[in-house]
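# Coordinate analysis (summary)
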Amino acid sequence: MRLFGDYNIKNNQLYLGKYKISDLGDIYETPLYIYDENLIRENIRKCKDHFGENGKNIVAYAGKAFLVPYMCKILKEEKVSLDVVSGGELYIAYTSGFPMENVLFHGNNKSEQEISMGIDLGVGRFVVDNFRELQLIEKIAMQKNKKVKVLLRVTPGIEVNTHKYIKTGSVDTKFGFSMIENEYIKAVEKSIKSQNIDLVGIHCHIGSQIFDPKAYEYLSYTMMDIAKTILEQFGYQIKELDLGGGFGVYYNENDKSKEIQEYTSVILQSIKKRANELNMTVPTLIIEPGRFIVANSGITVYKVGAIKKIPNVRKYVAVDGGMPDNIRPALYDAKYEFVVANKVYGHKVENVTIAGKCCESGDILIKDVYLPILEEGDTIAVLSTGAYGYSMASNYNMALKPAVIFVNNDDIKLVCKRQTFNDLLTSYVI
Ligand SMILES: Cc1ncc(COP(=O)(O)O)c(C=O)c1O
Ligand SMILES: N[C@@H](CCCC[NH3+])C(=O)O
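For clarity, every value in this text was computed on a predicted model and none was experimentally measured. (Residues numbered from 1 in each chain as written. Chains lettered and ligands numbered in written order. Predicted model: local features only at pLDDT ≥ 70, side-chain atom pairs only at ≥ 80, totals over all residues. Heavy atoms only, no water.)

Once that is clear, we can look at empty space enclosed by the protein. Per the stated rule, a full pass over the model turns up 1 cavity of 30 Å³ or more. Within this model, the largest cavity holds a volume of roughly 40 Å³. Around the largest cavity sit Arg2, Leu3, Phe4, Tyr7, Asn296, Ile299, Leu383 and Ser384, which together line it. By residue class, the composition of the lining of the largest cavity is 5 nonpolar, 2 polar and 1 charged. (1 Å grid on protein atoms, 1.4 Å probe; cavity = no way out; pocket = protein on both sides within 12 Å on 5 of 7 lines; lining within 4 Å. Points joined across faces, edges and corners; volume = space filled by probe spheres on them. Nonpolar A, V, L, I, M, F, W, Y, C, P; charged D, E, K, R; others polar.)

If you want it as structure tokens, here you go:
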């Protein structure tokens, strides 16, 4: 078991700083997401320190990992950019006072309304995914008499070793302009010719939960080669090169997680090397880490309810949450570490399966885990759920989305209230 940031064990109990996790579960009700705010800030600073090159390069947090108004406030204070993927994320950023010029607007099927909203709010960069979007941006920008800064998303055709659902840079993907038959060249040409588009650079993202820095070396070379082709064909040197996110994190002992500098140094060195070989200037570089910044800072806390023992088969221990607050085990077969927060080490341990409370046999948080003997009322913490947990939460089975609290030294901040039954009614026409 690996604890990050201020998580610690005292008297056989799990704590975050001075706060006992089982007490927080009682106070704020379970399921509950808890974050170590200092660790988020520390991770952001690590990215800036190892990649920012004193403000020359840009770190853009990928909001899809976890985005709430309080997170926007932290990002603003820490002076990083933000990658959003929908009108909804953009709206959260805007209403939270996040500077719009530091927003990159992603998405493979942006609606006219989203594009219009992005232009009106003045987002810094549109990351353009396809020809339809290019046309729409041009049309809407022309109507509004605006010139819009864009990065073109290119699919580098790079295979990475990660779950197939979270690969995004392979040849066969829904994202970006393909290199096959020089599709991306046509997009560059259209952008350069357009009166209402200001082509700033190119973007790519090969996938998520990647552990091999070599993948970024190869990506860096490929993208600089693309930049060279653009220079040769159009006499245009790109100003910005965005290499996406994807830096892998520790969930369990099979994950060979690395320090961020092991990825960023590869990127910085490879880009400079290739730029030198190609006789080009180094563009402003951008990375978009999501998981790396928030995953290890967050945990999810549950209470044990029903326990079912099937003689000689299996013991199921059900908790008061499950797939609505963490879809990742069901969707990606994700494996987390589990801690019984109110009795971390037991005299005896046993093999159990932790089940959620949904009406779904696949709602299993983990199969075959050794934990101290569990009883109803015990508090279970699932570690490193800070990325793609709350952001992927649903109301399946009309489950209420849990509260989220941030702990920062002595302070506790409730950043999302637990939903109520009345909240479930808000979108219905009765
Ligand atoms: C375009 C883009 N940028 C950044 C990210 C963030 O990835 P991660 O959370 O793995 O760093 C994603 C998600 O995979 C993405 O699709
Ligand atoms: N939701 C995914 C990551 C998505 C990456 C977005 N392109 C996960 O939990 O691993």
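Ligand 1 sits among 16 residues. The nearest are His205, Ser208, Glu288, Arg291 and Tyr388. Within the side chain of His205, a nitrogen or oxygen atom sits 2.7 Å from an oxygen atom of ligand 1. One of the side-chain N or O atoms of Ser208 is found 2.4 Å from an oxygen atom in ligand 1. Calculation on ligand 1 without its partners gives an accessible area of 390 Å², and the protein chains cover 93% of this total. (Near = heavy atom within 4 Å. Polar contact = N/O pair within 3.5 Å; in protein donor to acceptor, adjacent residues only side chain to side chain. Areas by Shrake-Rupley, 256 points an atom, 1.4 Å probe, with all protein chains shown as cover.)

Let's shift gears to the sheet that holds strand β2 (residues 13-16). Ordered by their spatial adjacency, 3 strands build an open sheet running β1-β2-β3, and the pairing between neighbours is antiparallel. Across the chains shown, the open sheet's two edge strands, defined by having one partner strand only, are β1 (7-10) and β3 (19-20). (Pairing = 2+ DSSP bridges. Helix = DSSP H or I, 4+ residues; strand = E, 2+ residues; numbered from the N terminus.)

The two faces of a sheet get side chains in turn, since along a regular strand they alternate between them. In the sheet, strand β4 (residues 32-36) pairs with strand β14 (residues 298-310) via 4 bridges, with the strands oriented antiparallel. Its bridge partner being in β14, Leu32 is matched across the sheet by Val301. As paired elements, β14 and strand β19 (residues 379-382) share 4 bridges and run antiparallel to each other. From the neighbouring strand, Thr300 faces β19, where its bridge partner is Val382. Here β14 runs beside strand β15 (residues 314-319); their pairing, made up of 5 bridges, is antiparallel.

What follows covers the site of ligand 2. Neighbouring ligand 2 are Lys64, Ile166, Arg291, Arg328, Tyr332, Tyr388 and Met392. With respect to ligand 2, the side chain of Arg328 contributes an N or O atom lying 2.5 Å from an oxygen atom. When its residues are assigned to classes, the shell around ligand 2 shows 4 nonpolar, no polar and 3 charged.

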